[in-house]
Amino acid sequence: MTAGVNVGIGASTAPQALMAVDHAAIAAAAALLEQGALVAFPTETVYGLGADAENPAAVARIYEAKGRPSDHPVIVHVAPDADLTYWAAEIPEQARQLAAAFWPGPLTLILKRAAHIPDAVSGGQDTVGLRCPSHPVAIALLQAFKGGKGGVAAPSANKFGQVSPTTAQHVRDEFGAQVGDGGLIRAVLDGGASAVGIESTIVDLSRLATHGPVLLRPGHISADAIAAVIDQLPAAPDAAAPRASGTLASHYAPHTPVAMLDGATLALTLAQLKAAGRKVALICYSELPAETAGVVTRLPAVPDGYAYALYAALRALDRSGADLILVEAPPQDAAWLGVNDRLRRAAHGSTGIVHGLLNHQSPIRN
Ligand code: TXA
Ligand code: MG
């Protein structure tokens, strides 16, 4: 394989279940991982930036490529028949039940780590995040890597704090010259667009005796779905919960400021921004008087479809030259929790931005 070349696995639009997996490309990518190199690969949630979880120098390259602080833990991805006792020091019954119910799939379990997990993976904490992804390319890679016995440490394949990639092209856009033979990221496996579109649900089971199960990050697998399996609703994180960088207030932010408003204020604000000469890109899901916005992206009015399209929309609108990405606030019910969580973080810190754009003395565009 020519490292760094898109090792083409199916067409980018192929449905994942029907995708033919290119085993030669997978074997080459697994060999690169075994040599300590970084490989980006598709999962059903978002694309991951993978390294051998047991090779601290390789894991350090992830931090270097992402520009991520090295005390943030990374998820270890394992093959479907992985031996959890190899990775975790304690495996509570709830972990086995959740793995049986949702793996392979978009759920990460935080467990007490086994002694040999490098600090580089655990961020110096006494826990490890484990996930078995369901994307066929990810599964094939995990089965080829170290004969299916290894773990691939992989955060989302974006620069620290940026929007997660849901296509191979997003990864190449994000890392540019860092992808390729001479770059830090030696290959990008293309597995089409990620079907879920937002990062995995994270449940902390490492402090069950004192705190019960804790939902560190909402996602496609809901708290209710978890409760149906383990008979206990996971709690919201407390101050002592393990740190998760995806839970930083300002995570997942594009470069263009993002503001969220609900239907009633949205139409009025759009009109005012237009009158003030501002260029606004709009993400909505309902029928709105949207003609006042510069670029309009209407996403599906259902949470799964919305999540699937959200990050690609944020990336596209980030390049549209708008002064502001205005988002119609989605419904507040439980099914939208994962989407609302990501949007809140993308919009963090931009509360004054609409006001500022409206009150600026001279419009920057006419
Ligand atoms: O869907 C996903 O989870 C994607 C794909 C690639 O699997 N990965 C992902 O990784 O979103 P990342 O690093 O962007 O987010 C993982 C989150 C971070 O917030 C990290 O802090 C947290 O998981 N995490 C990982 N290991 C942890 C641990 N031992 N304790 C607490 N949080 C942990
Ligand atoms: Mg991330």
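One can find the structure itself at the top, above this paragraph.
Report on the accompanying structure. (Residues numbered from 1 in each chain as written. Chains lettered and ligands numbered in written order. Predicted model: local features only at pLDDT ≥ 70, side-chain atom pairs only at ≥ 80, totals over all residues. Heavy atoms only, no water.)

Overview of the overall build of the protein chain
And step 1. The secondary structure content of the protein chain amounts to 13 helices and 13 strands.
And step 2. In the protein chain, 69% of the contacts between residues at least 6 apart in sequence involve partners at least 24 apart.
And step 3. Per element, the accessible surface of the protein chain, about 14,300 Å² overall, is 55% carbon and sulfur. (Helix = DSSP H or I, 4+ residues; strand = E, 2+ residues; numbered from the N terminus. Contact = heavy atoms within 4.5 Å. Areas by Shrake-Rupley, 256 points an atom, 1.4 Å probe, with all protein chains shown as cover.)

Structural notes on the packing of helix 1 (residues 23-34) against helix 6 (residues 136-144)
And step 1. Interaxial distance between helix 1 and helix 6 falls to 9 Å at its minimum, and their mutual angle equals 55°. Accordingly, the angle class assigned to the pair helix 1 and helix 6 is oblique. The two elements helix 1 and helix 6 cross, and the hand of that crossing is right-handed. Across from His23, Ile26, Ala29, Ala30, Leu33 and Glu34 in helix 1, the residues of helix 6 making contact are Val137, Ala140, Leu141 and Ala144.
And step 2. Its residues placed into classes, the contact of helix 1 with helix 6 shows eight nonpolar, one polar and one charged. (Axes fitted to C-alpha atoms, helices over the stretch in contact; angles between N-to-C directions. Parallel < 35°, antiparallel > 145°, perpendicular 65-115°, else oblique. Left-handed = near helix turned anticlockwise from the far one by under 90°. Nonpolar A, V, L, I, M, F, W, Y, C, P; charged D, E, K, R; others polar.)

Things to note about the nonpolar core
And step 1. Counting 49 residues, the largest nonpolar core has Leu49, Trp103, Leu107, Leu109, Leu130, Ile185 and Ile226 as the members making the most contacts within it.
And step 2. The greatest single-element share of this core, amounting to five residues, is contributed by helix 2 (residues 56-66).
And step 3. Residues in contact with Ile185, not counting those within four places in the same chain, are Leu38, Ala40, Leu49, Phe175, Gln178, Val179 and Gly180.
And step 4. Ranked by size, the runner-up nonpolar core spans 23 residues in total, among them Leu299, Tyr311, Val339 and Leu343. (Core = buried A, V, L, I, M, F, W, Y, C linked by side-chain atoms within 4.5 Å. Buried < 20%, exposed > 50% of the residue type's maximum accessible area, 1.4 Å probe, protein only.)

Observations regarding the side chain of Thr45
And step 1. Within the fold, Thr45 resides in the loop between strand 1 (38-41) and strand 2 (48-52).
And step 2. Its relative accessible area of 3% is what places Thr45 among the buried residues.
And step 3. Side-chain polar atoms of Thr45 contact the side chain of Thr43, separated by 2.8 Å.
And step 4. A distance of 3.1 Å separates a polar atom in the side chain of Thr45 from a polar atom in the side chain of Arg131.
And step 5. In this structure, Thr45 is in contact with Pro106, Arg131, Thr166, Ser194, Val196, Gly197, Ile198, Glu199 and Ser200, ignoring residues within four places of it in sequence. (Polar contact = N/O pair within 3.5 Å; in protein donor to acceptor, adjacent residues only side chain to side chain.)

Considering the pairing of strand 5 (residues 127-131)
And step 1. Most of strand 5 is tucked away, with five of its five residues classed as buried.
And step 2. Side chains of strand 5 alternate between two faces, with Thr127, Gly129 and Arg131 and Val128 and Leu130 buried alike.
And step 3. As judged from the three bridges shared by strand 3 (residues 75-77) and strand 5, these two strands associate in the parallel manner. When the bridges of strand 5 are listed, Val76 appears paired with Leu130.
And step 4. By the bridge criterion, four bridges tie strand 4 (residues 107-112) to strand 5 in an arrangement that is antiparallel. Bridge pairing in strand 5 links Lys112 to Thr127. (Pairing = 2+ DSSP bridges.)

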